[in-house]
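One letter stands for each residue in the lines below.
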Amino acid sequence: LCFSALPALFKEELRNEEALEGEAVTLRCELTKPASVEWKKGHTVLKPSEKYKMRQKDVTAELVIHNLNEKDA
């Protein structure tokens, strides 16, 4: 018997969010099963910092971007 595990897929994909410069915004996605999420902007992997906070619980992953500016679009 040979089988491979199905990959996690997006159950609910990211949506565009609007916020004012200097404020914070939360981006959220939902997966079909628990899996590690890596947040990227273009080809750059985002790392937890004062600006970026990542949270993950079960199948929901969140990225909070603080102190928004034009480069965050």
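From a predicted model like this one, the values you see are computed outputs, not experimental measurements. (Residues numbered from 1 in each chain as written. Predicted model: local features only at pLDDT ≥ 70, side-chain atom pairs only at ≥ 80, totals over all residues. Heavy atoms only, no water.)

K.L.:
What is the right way to look at the UniProt feature "domain: Ig-like" (unreviewed entry) in the protein in this model?
P.N.:
As recorded in UniProt, the feature "domain: Ig-like" (unreviewed entry) lies at residues 7-73. The span residues 7-73 shows a helical share of 0% and a strand share of 39%, and its end C-alpha atoms are spaced 29 Å apart. (UniProt positions renumbered as here; feature names shortened; annotations may be inferred. Helix = DSSP H or I, 4+ residues; strand = E, 2+ residues; numbered from the N terminus.)

K.L.:
Teacher, can you tell me more about the confidence of the model for the protein here?
P.N.:
The predicted coordinates ought not to be read in detail in places where the model reports low pLDDT. For the protein, per-residue confidence averages 89 on the pLDDT scale, and 95% of positions sit at 70 or higher. Of all the helices and strands in the protein, strand β1 (residues 10-12) carries the lowest mean pLDDT, 82, while strand β5 (residues 52-57) carries the highest, 95. (pLDDT = per-residue confidence, 0-100.)

K.L.:
Got a minute to help me understand the sheet that holds β5 in this structure?
P.N.:
One key point about sheets: their strands pair by backbone hydrogen bonds, in either a parallel or an antiparallel sense. With antiparallel pairing, the four strands of this open sheet are ordered in space as β1-β2-β6-β5. Whereas interior strands pair on both sides, the edge strands pair on one side only; in this sheet they are β1 and β5. Across the sheet, the axes of successive neighbouring strands diverge by a mean angle of 30°, strand direction being ignored. By the bridge criterion, six bridges tie strand β2 (residues 25-31) to strand β6 (residues 60-65) in an arrangement that is antiparallel. (Pairing = 2+ DSSP bridges. Axes fitted to C-alpha atoms, helices over the stretch in contact; angles between N-to-C directions.)

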